[in-house]
Amino acid sequence: MSYPLIFERSRPRRRGLRLVEEVPEASRYIPEKFLRKKPPRLPEVDELTLVRHYTGLSRRQVGVDTTFYPLGSCTMKYNPKLHEEAVRLFADLHPYQDPKTAQGALELMWQLGEYLKALTGMDAITLEPAAGAHGELTGILIIRAYHQDRGEGKERRVVLVPDSAHGSNPATASMAGYQVREVPSGPDGEVDLEALKRELGPHVAAIMLTNPNTLGLFERRILEIARLSKEAGVQLYYDGANLNAIMGWARPGDMGFDVVHLNLHKTFTVPHGGGGPGSGPVGVKAHLAPYLPVPTVERGEEGFHLNFDLPKSIGRVRSFYGNFLALVRAWAYIRTLGLEGLKKAAALSVLNARYLKELLKERGYRIPYDGPCMHEFVAQPPAGFRTLDLAKGLLELGFHPPTVYFPLIVKEALMVEPTETESKETLEAFAKALGELLQKPREWLEGAPYTTPVRRLDEVRANKQPKLTYFDQG
Amino acid sequence: MDYTPHTEEEIQAMLERVGAGSLEDLYLHLPQEVLNPEISLPEPLPEWAVLEELKRLAANNKPAFKAFLGGGIRSHHTPPVVQALASRGEFLTAYTPYQPEVSQGVLQAIFEYQTMVAELTGLEVANASMYDGATALAEGVLLALRETGRMRVVVSQGVHPEYREVLQSYLDAVGAELRTWPLREGRTPLGEIPEGTGAVVAQNPNYLGALEDLAPLADAAHRVGALFVVVADPLSLGVLEPPGAYGADIAVGDGQTLGLPMGFGGPHFGYLATKKAFVRQLPGRLVSETVDAEGKRGYILTLQAREQYIRRAKAKSNITTNAQLTALMGAMYLAALGPEGLKEVALKGVAMAHRLWELLLEIPGVAPFTPKPFFNEFALRLPKDPHGVRATLAKRGVHAVTPVPKEYGENLALFAATELHREEDLMALTEAMREVLA
């Protein structure tokens, strides 16, 4: 049976919360012409119906709390419960209250900035961006402002991205008004250095890389790449989506990167929440510090303050001070683990990935780029199997599938990222399940899943005749 | 401590299996020059001590619950039922619903959210939430520029100054031109819209709290072939005529006023609603109803060809994560209150703001600035620098006086009221203001 919509549980004049005792008369304050003629058709439900509705929805949803979630390039690690208590301590702060009455919040921001600078090897930071992709945009705008300031803004019109890059990289460069050129990967899965050399020149503004890359491989020639880009006056941008593998062990700043964004909702345990909110602080080397967005958090003689006085700033990228409550969670994570804990977490994420990779090879899966992987790796099913069917089969066996069909350079890709918070027995059970799927009859795989809240959905219909609201008549 | 489950024995067994002698060995292929840098971080703390340290920091803040502060964020009641339901691990720890068979909870919740936003704004479709109101405005304007193929934007000074700054950053990036129309006596005047304008933007209630009659501006925008973009506080739409009813093509705003904690400015969520004709230009996630293999109703992400992971450099926007969890809170809040409850909360703020306006204007030296009619917020001219007044009040435990940027005039401050305020709160603020301004 279909699960009812909240609108279908609604009954005229049924009431939930009443927050106001004496209701004022609207027309006493607002002339008729400004008033709504027709009330919005919002649900009318009592509180228990509301609770049952959303509790029911939650049971039709998996998360890290319920299921192994090895989503490559997304880092679905456990979200500590301590952090949810931590954010409640800061819930009632208004961004425009007198800064002297928000010194604790500003101190926390300043400290977190220092920790993140230390972990990335950068000189200055902004906590403003609301997500990783938002951080990317901020970083690229900073690079653009730098080139413009040096009089090279018109000339440097191109951003280079490897063919294995996250889709957000080319989209970001395009949003910042750049042309995008793809750099192919070599046979070892790393950036093809010769191809890169051919693309580099005075027309290039930036190279966007993630390291380890989306094949889970560390770009071992990174120092050479950094040297080449420096010689060409090109800024090197670090997509921090994969920092989880190396945190504490190696820093983008030491590898020659000029800009780094971090995904606090990946590396630093802020929950993904079904797709956000995230947080994407951006660290830069000193030469780019003048271009950071406003405001920055600074420590002065009279405590902590927000600095809006940055004449070369790219301006504002978000209202207020970013996703502050996400910052609280990341702060708590770093203080709980310390440097040694972070290094251990990184190393165990790598160990889990390498161990799982071995188990999958044993079960008949192929590893197209079988170098020393970091926290994730890309596998392929044996010939004749469709990755989509295997993913749906995994759902039937109680696992969330890995990322599928990404990176684009691997056919039938399964991009697996177990993360450090999963146990040896979970990895083994997962490998066993993936192995069993190869023994299933073709029809079973093509029909999976069977016992999930819904079976495979008609995507074509959703695209051709989208019904986007309950009242949409199509 | 950390959150890893491995015992020493397990680590050894796994290392052996992958052919490594130690955890350090896993990093041996990295360039030696960058391996094991010196990093200075505080020593790790046990869980209770982390919490203790957080409490120490929190004690250095004075919470602004029941604040009279405004400017886009206001102190509202966050219903415990919303907190409790949104805190469920399945919602909290899920990712973007790429596997719809096990993500019907989030997908259906988004579909219901899209419906509620469309209802509130009087428009046909809404995407599944943006980062905040300011970036939603920027994305909404970029949508209008794509749709019209033009590169010029006119924005009223009545739009929140921080939103305008964010818009400026996004428009600079694509080389579009932004012109600001100054307010006249607190409202957006009807002027000449230059040729080639792709988007005209206004806010209602505007940044100073005043209600705007925007239908003539919508007509003027349409006459030159521009789309009309309205920034609206979603709570106000429980009472006010929705943007779709007076000609808006796109409505955007920030969801904080729908019962979300202020959180020092974030995270909240942005909403973006428009007409179905522009749906293929919408950035961000969209959920559609469809059927499964057995004909059963279900929900799925749709029209994804607009998005970065398929279209890469040709995507409509680079947005990947959105603000699903906070949007879920907004939807739960709307469902908990219903149309009547929402209207009541909005009206209570209106009534209290008008009462506060009367009281504060009795103080010598205080002058009105926002013209009537206003909503639940208004600006006054103070006889002293508002930053100083705010600081002095804060010392007395009162959070009020949102300083207004000088572009609007000297010594202006915003005052807001919500459902949380009672007559005695207004009297207390008035008394404190009287003393501080004396």
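Residues numbered from 1 in each chain as written. Chains lettered and ligands numbered in written order. Predicted model: local features only at pLDDT ≥ 70, side-chain atom pairs only at ≥ 80, totals over all residues. Heavy atoms only, no water.

Caption draft 1: Inspection of the overall build of chain B at higher detail. Across its full length, chain B holds 12 helices and 13 strands. Along the longest, intermediate and shortest principal axes, the C-alpha atoms of chain B span 80 × 50 × 50 Å. Taken across its 438 residues, chain B has 70% of its residues classed as buried. Here the contacts in chain B between residues at least 6 apart in sequence split such that 69% fall between residues at least 24 apart. Of the roughly 13,500 Å² of accessible surface on chain B, a fraction of 51% belongs to carbon and sulfur atoms. (Helix = DSSP H or I, 4+ residues; strand = E, 2+ residues; numbered from the N terminus. Buried < 20%, exposed > 50% of the residue type's maximum accessible area, 1.4 Å probe, protein only. Contact = heavy atoms within 4.5 Å. Areas by Shrake-Rupley, 256 points an atom, 1.4 Å probe, with all protein chains shown as cover.)

Caption draft 2: Local environment of the environment of Glu358(A). Secondary-structure assignment places Glu358(A) in helix α9 (residues 324-362). In contact with Glu358(A), not counting residues within four places along its chain, are Arg17(B) and Val18(B).

Caption draft 3: Expanded view of the interface of chain B and chain A. Taken residue by residue, the interface counts 182 residues in chain B and 199 residues in chain A. Of the roughly 17,000 Å² buried between chain B and chain A on both sides combined, carbon and sulfur atoms contribute 65%. Summed over the three residues of chain B that lose the most area to chain A, namely Tyr3(B), Phe264(B) and Arg312(B), the buried surface amounts to 6% of that side. Linking chain B with chain A are 16 salt bridges, by the criterion used here. Its salt-bridge partner being Glu344(B), residue Arg15(A) comes within 3.1 Å of it at the nearest N-O pair. In this assembly, chain B and chain A are joined by 90 residue pairs in polar contact (both at pLDDT 80 or more). In the side of chain B that touches chain A, the residues fall into 95 nonpolar, 47 polar and 40 charged. (Buried area = accessible area lost by both parts, 1.4 Å probe. Salt bridge = Lys/Arg side-chain N within 4 Å of Asp/Glu carboxyl O. Polar contact = N/O pair within 3.5 Å; in protein donor to acceptor, adjacent residues only side chain to side chain. Nonpolar A, V, L, I, M, F, W, Y, C, P; charged D, E, K, R; others polar.)

Caption draft 4: Just the packing of helix α11 (residues 424-437) of chain A against helix α1 (residues 8-18) of chain B, in detail. One way to put it is that α11(A) packs onto α1(B) with a least axis distance of 11 Å and a crossing angle of 45 degrees. Of the possible angle classes, the one that applies to α11(A) and α1(B) is oblique. For the pair α11(A) and α1(B), the contacting residues are Lys424(A), Glu425(A) and Leu427(A) in the first and Glu10(B), Ala13(B) and Met14(B) in the second. Looking at the contact of α11(A) with α1(B) residue by residue, the classes come out as three nonpolar, no polar and three charged. (Axes fitted to C-alpha atoms, helices over the stretch in contact; angles between N-to-C directions. Parallel < 35°, antiparallel > 145°, perpendicular 65-115°, else oblique.)

Caption draft 5: Local environment of the pairing of strand β2 (residues 158-162) of chain A. All names here are of chain A. For β2, the tally of buried residues reaches five of five residues, placing the bulk of the element in the interior. The alternating pattern of β2 places Val158, Leu160 and Pro162 on one face and Val159 and Val161 on the opposite face, and all of these are buried. As judged from the five bridges shared by β2 and strand β3 (residues 179-183), these two strands associate in the parallel manner. Considered in β3, the bridge of Pro162 is made with Val183. Crossover connection from β2 via helix α5 (residues 168-175) to parallel β3: handedness right-handed. Of the strand pairs in this sheet, β2 and strand β4 (residues 204-209) are connected by three bridges, and their pairing is parallel. When the bridges of β4 are listed, Leu160 appears paired with Ile207. (Pairing = 2+ DSSP bridges. Right-handed = clockwise from strand over helix to strand, strands pointing away.)

Caption draft 6: Main features of the confidence of the model for chain B. Averaged over every residue, the pLDDT of chain B is 97; the share at 70 or more is 100%. For this predicted complex, the interface score ipTM comes out at 0.97, alongside a pTM of 0.97. (pLDDT = per-residue confidence, 0-100.)

Caption draft 7: Structural context of the sheet that holds strand β7 (residues 282-284) of chain A. Residues and elements named next belong to chain A. Strands sit in the order β1-β7-β6-β5-β4-β2-β3 across an open sheet of seven strands; the sheet is mixed. Among the strands making up the open sheet, the edge pair consists of β1 (124-126) and β3. Direction aside, the axes of adjacent strands within the sheet are offset by 20 degrees on average. Across the sheet, helix α4 (residues 132-149) is in contact with β1, β4, β5 (235-240), β6 (259-262) and β7; its angle to β5 comes to roughly 170 degrees.

Caption draft 8: Spotlight on the sheet that holds strand β10 (residues 377-379) of chain A. Residue and element names in this part refer to chain A. The sheet built from three strands is open, its strands ordered β10-β12-β11 with antiparallel pairing. Two strands close off the open sheet at either side, each with one partner strand: β10 and β11 (403-404). Taken together, the two bridges between β11 and strand β12 (residues 414-416) define a ladder with antiparallel strand orientation. From the neighbouring strand, Val404 faces β12, where its bridge partner is Leu414.

Caption draft 9: How the structure looks around the nonpolar core. Grouped together as the largest cluster of nonpolar side chains are 128 residues, with contacts concentrated most on Phe90(A), Leu112(A), Ile246(A), Phe324(A) and Tyr27(B). Ranked by residues supplied to this core, first place goes to α9(A) with 24 residues. Sequence-distant contacts of Phe90(A), defined by excluding residues within four places in its chain, comprise Leu108(A), Phe324(A), Leu325(A), Val328(A), Leu54(B), Leu57(B), Ala58(B), Asn61(B) and Gly263(B). Residues Leu42(A), Leu120(B), Val154(B) and Ala323(B) belong to the second largest nonpolar core, which totals 84 residues. (Core = buried A, V, L, I, M, F, W, Y, C linked by side-chain atoms within 4.5 Å.)

Caption draft 10: Representation of the environment of Thr4(B) within the structure. With respect to the helices and strands, Thr4(B) occurs in the segment before α1. Note on Thr4(B): relative accessible area 14%, which makes it buried. If near-sequence neighbours (up to four positions away) are discounted, Thr4(B) is found in contact with Lys344(A), Ala345(A), Leu348(A) and Glu420(A). Polar contacts involving the side chain of Thr4(B) include one to the side chain of Asp2(B), which spans 2.6 Å.

Caption draft 11: Seen up close, the packing of aromatic side chains. Inspection of every chain in the model, using the stated rule, returns 25 aromatic pairs over all chains. Ring geometry for Phe111(B) against Tyr299(B): centres 4.8 Å apart, planes inclined by 40 degrees, an arrangement best described as tilted. On the criterion of sequence distance, the pair formed by Phe111(B) in helix α5 (residues 104-121) and Tyr299(B) in strand β9 (residues 297-301) is long-range, its members being 188 residues apart. Like Phe111(B), the residue Tyr299(B) is buried in the burial classification. Through a chain of ring-to-ring contacts, three or more aromatic side chains come together here, namely Tyr78(A), Phe268(A), Tyr333(A) and Tyr3(B). In this arrangement the basic side chain of Arg41(A) is found over the ring face of Phe471(A), its NZ or CZ atom lying 3.9 Å from the centre. The positively charged end of Arg442(A) is found above the aromatic ring belonging to Phe385(A), 5.7 Å away from the centroid. (Phe/Tyr/Trp six-rings, centres within 6.5 Å; stacked < 30°, edge-to-face > 60°. Lys NZ or Arg CZ within 6 Å of the ring centre and 35° of its normal.)

Caption draft 12: Layout of the environment of Lys117(A). Residues and elements named next belong to chain A. Within the secondary structure, Lys117 sits in helix α3 (residues 103-120). Judged by its relative accessible area of 18%, Lys117 is buried. With 165 residues separating them in the primary sequence, Lys117 and Val282 have C-alpha atoms 9.4 Å apart.

Caption draft 13: Quick look at the packing of α4(A) against α5(A). Residue and element names in this part refer to chain A. Viewed as axis vectors pointing N to C, α4 and α5 meet at an angle of 45 degrees, and their least axial separation amounts to 9 Å. The angle between α4 and α5 falls in the class oblique. Judged by the sense of rotation from one axis to the other, the crossing of α4 with α5 is right-handed. Residues Ala133, Glu136, Leu137 and Ile140 of α4 form the contact with α5, whose participating residues are Ser168, Asn169, Thr172 and Met175. Split by residue class, the contact of α4 with α5 holds four nonpolar, three polar and one charged. (Left-handed = near helix turned anticlockwise from the far one by under 90°.)

Caption draft 14: How the structure looks around helix α8 (residues 215-223) of chain B. Residue and element names in this part refer to chain B. The set of residues buried in α8 consists of Leu217, Ala218, Ala220 and Ala221. All buried residues of α8 project into a common sector of 165 degrees when viewed along the axis, lining one side. Tucked inside the fold, the buried residues of α8 contact β3 (177-181), β4 (197-203) and β5 (227-231). Phi turns positive one or two residues past the end of α8, at Gly225, with a value near 80 degrees. (Arc of directions from axis to C-beta.)

Caption draft 15: Fine view of the state of the cysteines. All names here are of chain A. According to the stated counting rule, one finds zero disulfides over all chains in the structure shown. No disulfide involves Cys74; its nearest neighbouring cysteine sulfur is the one of Cys373, lying 17 Å away. Residue class for Cys74 comes out buried when judged on its relative accessible area of 8%. (Disulfide = S-S within 2.5 Å.)

Caption draft 16: The pattern of salt bridges, seen in detail. Per the stated rule, a full pass over the model turns up 52 salt bridges over all chains. Linked through salt bridges whose partners overlap, the residues forming this network are Lys357(A), Glu358(A), Lys361(A), Glu362(A), Asp370(A) and Arg17(B).

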